[in-house]
Amino acid sequence: MNFRRSHKDHRGRWYSGFMREKSEFGDVAKSVLKLFEKTQIDDRWSFAECGRKETGKWTHGHHRYTAKFNPQIVEKLFDEYITDGNAHINDPFFGSGTTIVSAIARGYRASGTDINGIAYLMTKVKSTPIEPLYLKEKVDRFLIRIKEMKDIVPEIPHQHLERINYWFDEPTKLELGKILRIIREESDTSVRDFLLVGFSHILKSCSIWLQRSTKPTRDKQKVPRNPYNTLRLHLNKMLRGNESFYKTVPTDVRSSLGEYLNIALGDARNQSVEDNSVDLIVSSSPYVTSYEYADLHQLSTIWLDFTEDLKQYRTRFIGSSSRPKNRLVLRSEIANDIVIEMNDKRKKLSEEIGSFFLDMEQVFVECYRSLKSGGRCCFVIGNTTLKGVNIINAQIFAESIQYSGFTLDRIIKREIPSKILPQTRDKKTGRFTASCKATSAAYPVEYIVIGEKMEIT
Ligand SMILES: C[S@@+](CC[C@H](N)C(=O)[O-])C[C@H]1O[C@@H](n2cnc3c(N)ncnc32)[C@H](O)[C@@H]1O
């Protein structure tokens, strides 16, 4: 290993960029690795008996989202760690809003961030119960209007026209543009956002995006679905979800939602949440070099115009290969070893991995700041292999949270019974792929890494 010997870290070891020299692990790393060796699968956390009906209850089925976790995990964590009816729950990476929706359903306060425009929109809609009869009337009127639409000028974001033409045939594009124009005319923001989420959800089926793929792949044989029929069916499903959610959310939460819900489109490393105010964090972070969230939701991003510059947009996502490289020193010794090992195989990938764990170290510091003493952070995370190197995310998280001040409270190992996460990677690219093209296993099990902010006495 060729190091530019210019800096020393806190234990006096030399480093260059974010890599230190390899040396024997300290006590924290050693005890984490030992603990993981001993940890057995806990069947109570697999929820193998839960079908779509349970995992997609309330508003959870409003919109597909890659790598969403199931609400049963969140609810069980609430059961185990929340004793106060006024609890404040946080998720720094809320994605499709599983944690946020579950917290609001219980009458807790919920806060969090996500950097993805569509994640923010869907989480806002999914956690906002709307009076069901009123909403049904609005949706029915909207459906009549789009069925009859004739002289409507389609609203097609011109700055993304090239990408839209890439994914949609001409008649579908025009129909979607007219629907979007009519949605924008809706004066009630909650109803408008509800319709936008329905619109966003159907984009994949109405495009030539390969239906079974999460990655942006064109299927030239695909016959895109008709926007009107697809939207009508989906909105009806969303109406049912809203109704059952509405009935579940406590009345006082419904009537003053603004006091309970504090979510933002923003960066997990810098949340606008008060110090020492959160009781429980339940989250699942992005993964390094696996999903490019900015690309996965490209159809929604271009139609709903979340960014003018897709390339620049990608750089904001933690775990993205487009992210600017962070050059600080990694505190995690386990991560550092992995970066060194990968550096011998593929330098760029090793930099991406180092950068990811550095970003996560900053997220953990932010989590520690926002939690009350006695509060816990729970991260759902899986391990994987890239280019023959074991990327033991869970062990690294368990080590890193301790350097941010947490005490490692508990590790839960769970089997993933459903196909929520793809189980396989393409060996050449390292990216997730369909199981039929599998060349290497990815996440058969995952962990919940739980840290506690100890009471300061
Ligand atoms: C695994 S997903 C979370 C899924 C979520 N638990 C659910 O059930 O839907 C990770 C999320 O991290 C978000 N993300 C990536 N970089 C971020 C950043 N810098 N700040 C906040 N969120 C970010 C992605 O947009 C993605 O939604």
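Residues numbered from 1 in each chain as written. Predicted model: local features only at pLDDT ≥ 70, side-chain atom pairs only at ≥ 80, totals over all residues.

1. Some details on the overall build of the chain
Basically, it comes down to this: Per the convention used, a helix needs a DSSP run of H or I reaching at least four residues, while a strand needs a run of E reaching at least two, with both numbered from the N terminus. Taken over C-alpha atoms, the radius of gyration is set against a globule rule of 2.2 Å times the number of residues to the power 0.38. Buried, partly exposed and exposed are defined by the number of other C-beta atoms within 10 Å of a residue's own C-beta, namely 20 or more, between the two limits, and 12 or fewer respectively, with C-beta atoms placed from the backbone.
Within the chain, the regular secondary structure consists of 18 helices and 15 strands. Taken over the C-alpha trace, the chain has a radius of gyration of 23 Å; the compact-globule value for 457 residues is 23 Å, and the two agree within 12%. Its C-alpha atoms give the chain principal-axis dimensions of roughly 70 × 50 × 40 Å. Counting every position in the chain, which comprises 457 residues, the buried fraction comes to 45%.

2. What to know about the sheet that holds strand β8 (residues 371–381)
The criterion, for reference: A pair of strands is labelled paired if DSSP reports no fewer than 2 bridges between them. Axis definition: a line fitted to C-alpha atoms, limited for helices to the stretch in contact. Angles are taken between N-to-C directions and run from 0 to 180 degrees. Two residues qualify as a contact pair if the distance between their C-beta atoms, derived from the backbone, is within 7 Å.
Taken together, the 7 strands give an open sheet; going across it, the order is β6-β5-β4-β7-β8-β15-β11, and neighbouring strands pair in mixed fashion. Each edge of the open sheet is held by one strand with a lone partner, namely β6 (261–265) and β11 (407–415). Each neighbouring strand pair of the sheet contributes to a mean axis angle of 15 degrees, computed without reference to strand direction. Here helix α5 (residues 117–126) sits on the sheet in contact with β5 (109–114) and β6, set at roughly 160 degrees to β6. Where helix α17 (residues 347–370) meets the sheet, it contacts β4 (88–91), β7 (278–283) and β8, and its direction lies at approximately 145 degrees from that of β8.

3. Section: the nonpolar core
Rule in force here: Note on terminology: a nonpolar core is a set of buried residues of type Ala, Val, Leu, Ile, Met, Phe, Trp, Tyr or Cys, with members joined through C-beta atoms within 7 Å.
Ile-104 and Val-449 are the most contacted members of the largest nonpolar core, which totals 112 residues. Top element by residues in this core is helix α9 (residues 189–206). It accounts for 9 residues. Here Val-449 is in contact with Phe-379, Ile-381, Ala-394, Phe-397, Ala-398, Ile-401 and Ile-411, once residues within four sequence places are set aside.

4. Some words on the pairing of β8
Of all 11 residues that make up β8, 8 are buried, and the element is covered over most of its length. Where β7 and β8 come together, 5 bridges link them in parallel fashion. Residue pairing across strands places Ser-283 opposite Phe-379, the latter belonging to β8. Here β8 runs beside strand β15 (residues 445–452); their pairing, made up of 6 bridges, is antiparallel. Counterpart to Phe-379 in the pairing with β15 is Val-449.

5. Side note on the site of the ligand
What counts here: Using a C-beta atom placed from the backbone, a residue is described as near a molecule or strand when that atom lies within 6 Å of it. Just so you know the grouping, Ala, Val, Leu, Ile, Met, Phe, Trp, Tyr, Cys and Pro go in nonpolar, Asp, Glu, Lys and Arg go in charged, and all remaining residues, Gly too, go in polar.
Near the ligand you find 22 residues, and of these Lys-68, Phe-93, Gly-95, Ser-96 and Thr-98 are the closest. Split into classes, the residues belonging to the shell around the ligand amount to 11 nonpolar, 7 polar and 4 charged.

6. Regarding the environment of Leu-358
Assignment of secondary structure puts Leu-358 in helix α17. Separated by 26 residues in sequence, Leu-358 and Ser-332 place their C-alpha atoms 8.8 Å apart.

7. A short note on unusual backbone geometry
In this model, Trp-58 sits at a positive phi of 50 degrees, which is unusual for a non-glycine residue. Looking at where Trp-58 falls in the secondary structure, it is placed in the loop between α2 (52–55) and α3 (71–81). A tally of 24 C-beta atoms within 10 Å means that Trp-58 is categorised as buried. In the Ramachandran plot, Ala-67 falls in the positive-phi region, its phi being about 65 degrees despite a non-glycine side chain. Within the secondary structure, Ala-67 sits in the loop between α2 and α3. With 22 C-beta atoms counted inside 10 Å, the residue Ala-67 sits in the buried group.

8. Comments concerning the packing of helix α16 (residues 333–343) against α17
The geometry of a pair of packed helices is captured by two quantities: the angle between their axes and the separation between those axes. Stated precisely, the cut-off is as follows: Note that the term roughly parallel is reserved for angles under 35 degrees, roughly antiparallel for angles over 145, roughly perpendicular for angles of 65 to 115, and oblique for everything else. Left-handed describes a crossing whose near helix is turned anticlockwise from the far helix by less than a right angle; the clockwise case is right-handed.
Closest axis-to-axis distance for the α16/α17 pair is 7 Å, and the angle between their directions is 165 degrees. When the interaxial angle is binned, α16 and α17 end up roughly antiparallel. Considering only the axes of α16 and α17, their crossing is left-handed. Between α16, through Ala-335, Ile-338, Val-339, Met-342 and Asn-343, and α17, the contact on the second element is made entirely by Lys-347, Leu-349, Ser-350, Ile-353, Gly-354 and Phe-357.

9. A word on α17
The criterion, for reference: In this scheme, a helix's expected span is set at 1.5 Å multiplied by one less than its residue total.
The first and last C-alpha atoms of α17 sit 35 Å apart over 24 residues, in line with the 34 Å expected at 1.5 Å per residue. Summarising burial for α17: 17 of the 24 residues are buried, a large majority.

10. Description of the packing of helix α8 (residues 170–185) against α9
Packing of α8 against α9 brings their axes to within 10 Å, and their N-to-C directions diverge by 170 degrees. The angle between α8 and α9 places the two elements in the roughly antiparallel class. On α9, the residues touching Thr-172, Leu-176, Ile-179, Leu-180 and Ile-183 of α8 are Arg-192, Leu-195, Leu-196, Phe-199 and Cys-206. Taken together, the residues that form the contact of α8 with α9 break down as 8 nonpolar, 1 polar and 1 charged.

11. Some thoughts on the environment of Phe-364
Among the structural elements, Phe-364 can be located in helix α17. Residue Phe-364 is classed as buried on the basis of its 25 C-beta neighbours within 10 Å. In the structure, Phe-364 is positioned 95 residues away from Arg-269 in sequence and 8.1 Å away in space, judged by C-alpha atoms. Apart from residues lying up to four places away in sequence, Phe-364 is in contact with Ser-400, Ile-401 and Ser-404.

12. Points about the environment of Asn-165
Within the secondary structure, Asn-165 sits in helix α7 (residues 161–167). Spatially, the C-alpha atom of Asn-165 lies 9.8 Å from that of Ser-207, the residues being 42 residues apart in sequence.

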